[in-house]
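# Understanding the architecture of this molecule
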Amino acid sequence: MDNQHLSLPDMQVVQPVQINPFQAQSMECTAAICAVYAVDLPGMDQYTSMSSYLFPTTSFERLLAIDLLNATLFYIDDVYDRNQRQVPLYGDHPTPAVYAACAKIFIDGQMPDPMHRLYPIWQELHRHFHALSSREYRQRLVESLMQHFQAIRVPNMAFKQPKPTTLESYLNTRLHDSGMYPTMLLIEFALDIAISPAVYTHPQIKRATDLAGLAAAIMNDLFSYEKEVVLLDSRFNLIRILIDTQQLSFEQAVDQTIRLINQWISEFQAIVDQSQWFADAQYNHQARAYLQGLQQQIAAAWYWQLSTNRYRSPNSPFALLREMLPTNHNQNIEHRA
């Protein structure tokens, strides 16, 4: 790549890597449970490691619950996602009604009729989250998940259209399609604290949430470029959109994307560095814990995606991703400037 343009090593990194000490134990249990419910996929260890980077300090029980949820979401993404060009493996693409039923199962655990093959794993998820959270929290989390499921229908349609997606509409949809909002809501669950609506709705905290979500989601566009665009010709990727709408070269589009991400991270960090956001000390404590959780999300988006072969290939357009890692490999990959 042209040295005059920014590439992956020029990404701004907010903190050193942290990995949950229960990672291996939780991944093993997650794989076993997913196998029981037939929602395991070959190479799933390439994505079940993610939660350990997102939530490095949470307990084993909470990490396992999060691992199961993320494994289920990855399964849905890989089997039914916007880039699935062939008939889904089971020929049972989830309808909005199926997703709504999954949401109800997650909240209260009651199985609907008729049966869909995704329902049992959502009942298992209910059992794990029911033991560790309130119904009110599960309701909030599932509302965010439903927005995610609704958002992934937009890329499904955009993927089939030859007309380029506009930048503004893409970023808005990508925030929801990426699953970052429910992932950020899991910070509260992982830390085992109740965060007041007053904290979530504070303008600066809301902005920090969007900035963290954008940084992580668009960082994934870089890592998954070969997987989505080169191999599947997806049009739902920021680099592809910049190439199509602004007639940029690949190198120019990558440069612009990284500058945008670094700009978001700098703005986010300025909010984090403030000493207080509320007159109430308890709200400030909650805000500080939540913002630290968001900071970890941004760091995880960088370190985890470097630690998995999910986004690596000898043919990757990024030199940093051409070397394949040993199976079940985990290493502390430091930022290279």
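None of these values were measured; they are calculated from a predicted model.

Within the chain, the regular secondary structure consists of 16 helices and 0 strands. Put simply, the chain has 337 residues, and 56% of those count as buried. Contacts in the chain between residues far apart in sequence, at least 24 positions, make up 73% of those at least 6 positions apart. Only carbon and sulfur atoms are counted for the fraction: they give 52% of the accessible area of the chain, which is about 14,900 Å².

What follows concerns the environment of Ser196. One can find Ser196 in the loop between α10 (180-191) and α11 (197-200). A sequence separation of 86 residues divides Ser196 from Gln282, and the C-alpha atoms of the two residues are 9.5 Å apart. If near-sequence neighbours (up to four positions away) are discounted, Ser196 is found in contact with Tyr283 and Gln286.

With that settled, consider the environment of Met184. For Met184, the location among the structural elements is in helix α10. Of the residues examined, Met184 reaches a relative accessible area of 1% and is grouped as buried. The sequence separation of Met184 and Gln297 amounts to 113 residues, and the corresponding C-alpha distance is 7.5 Å. Discounting residues that sit within four places of it in the chain, Met184 has contacts with Thr209, Ala212, Gly213, Tyr290, Leu294 and Gln297.

Following the criterion strictly, the structure yields 17 aromatic pairs and no others. Look at Tyr200 and Tyr290: their rings are 5.2 Å apart centre to centre, the planes differ by 85°, and that puts the pair in the edge-to-face class. Of this pair, Tyr200 sits in helix α11 while Tyr290 sits in helix α16 (residues 281-307), placing them 90 residues apart in sequence. The same class applies to Tyr200 as to Tyr290, namely buried.

Moving on to the pattern of salt bridges. Overall, the coordinates contain 13 salt bridges when judged by the stated rule. The closest approach of N and O atoms between Arg135 and Asp108, which form a salt bridge, is 2.8 Å. Linking Arg135 in helix α7 (residues 135-151) with Asp108 in helix α5 (residues 96-108), this pair joins segments that are 27 residues apart in sequence. Its relative accessible area of 44% is what places Arg135 among the partly exposed residues. Overall, Asp108 belongs to the partly exposed group, its relative accessible area being 38%. One salt-bridge network, in which partners are shared between bridges, spans Asp77, Asp78 and Arg310.

Another point: helix α1 (residues 23-36). Taking 1.5 Å of rise per residue, the 14 residues of α1 would be expected to cover 20 Å, and the 20 Å separating its terminal C-alpha atoms lies within 8% of that figure. For α1, the set of buried residues is Gln23, Ser26, Met27, Thr30, Ile33 and Cys34. Projected down its long axis, α1 carries its buried residues within an arc of 135°, all on one side. In this structure, α1 carries Ala24, Glu28 and Val36 as exposed residues pointing more than 90 degrees from its buried face. For α1, the elements touching its buried residues are α2 (45-48), α3 (50-54), α4 (60-80) and α6 (119-130).

Each turn of an α-helix holds 3.6 residues, which means side chains three or four residues apart point in the same direction. Its 21 residues place the ends of α4 29 Å apart at the C-alpha level, agreeing with the 30 Å of an ideal helix rising 1.5 Å per residue. Counting buried positions along α4 gives 18 out of 21 residues, so the element sits mostly inside the fold.

A pair of packed helices is characterised by two quantities: the angle between their axes and the separation of those axes. Contact pair α4 / α10: the axes reach a minimum separation of 9 Å and the direction vectors enclose 155°. With respect to α10, the element α4 is oriented roughly antiparallel. The two elements α4 and α10 meet at a crossing, and its hand is right-handed. Of the residues in α10, those touching α4 at Arg62, Ala65, Ile66 and Leu69 are Leu186, Phe189 and Ala190.

So, on to the packing of helix α15 (residues 250-272) against α16. Between α15 and α16, the shortest axis-to-axis distance is 10 Å and the interhelical angle comes to 155°. Considering the angle they form, α15 stands roughly antiparallel to α16. The interaxial crossing formed by α15 with α16 has left-handed handedness. Here Ile265, Phe268, Gln269 and Val272 of α15 come into contact with α16, specifically with Leu291, Leu294, Gln295 and Ile298.

As a further point, take the confidence of the model for the chain. For the chain, per-residue confidence averages 91 on the pLDDT scale, and 89% of positions sit at 70 or higher. Contacts from residues 330-337, a stretch scored under 50 in pLDDT, to residues over four places away or in other chains number 23 contacts.

Here Thr257 shows up in helix α15. Residue Thr257 is classed as buried on the basis of its relative accessible area, which comes to 0%. Beyond its immediate chain neighbours, meaning those up to four positions away, Thr257 contacts Ile218, Leu222, Leu238, Ile239 and Leu242.

Scoring rules and cut-offs
Residues numbered from 1 in each chain as written. Predicted model: local features only at pLDDT ≥ 70, side-chain atom pairs only at ≥ 80, totals over all residues. Heavy atoms only, no water. Helix = DSSP H or I, 4+ residues; strand = E, 2+ residues; numbered from the N terminus. Buried < 20%, exposed > 50% of the residue type's maximum accessible area, 1.4 Å probe, protein only. Contact = heavy atoms within 4.5 Å. Areas by Shrake-Rupley, 256 points an atom, 1.4 Å probe, with all protein chains shown as cover. Phe/Tyr/Trp six-rings, centres within 6.5 Å; stacked < 30°, edge-to-face > 60°. Salt bridge = Lys/Arg side-chain N within 4 Å of Asp/Glu carboxyl O. Expected span 1.5 Å × (residues − 1). Arc of directions from axis to C-beta. Axes fitted to C-alpha atoms, helices over the stretch in contact; angles between N-to-C directions. Parallel < 35°, antiparallel > 145°, perpendicular 65-115°, else oblique. Left-handed = near helix turned anticlockwise from the far one by under 90°. pLDDT = per-residue confidence, 0-100.

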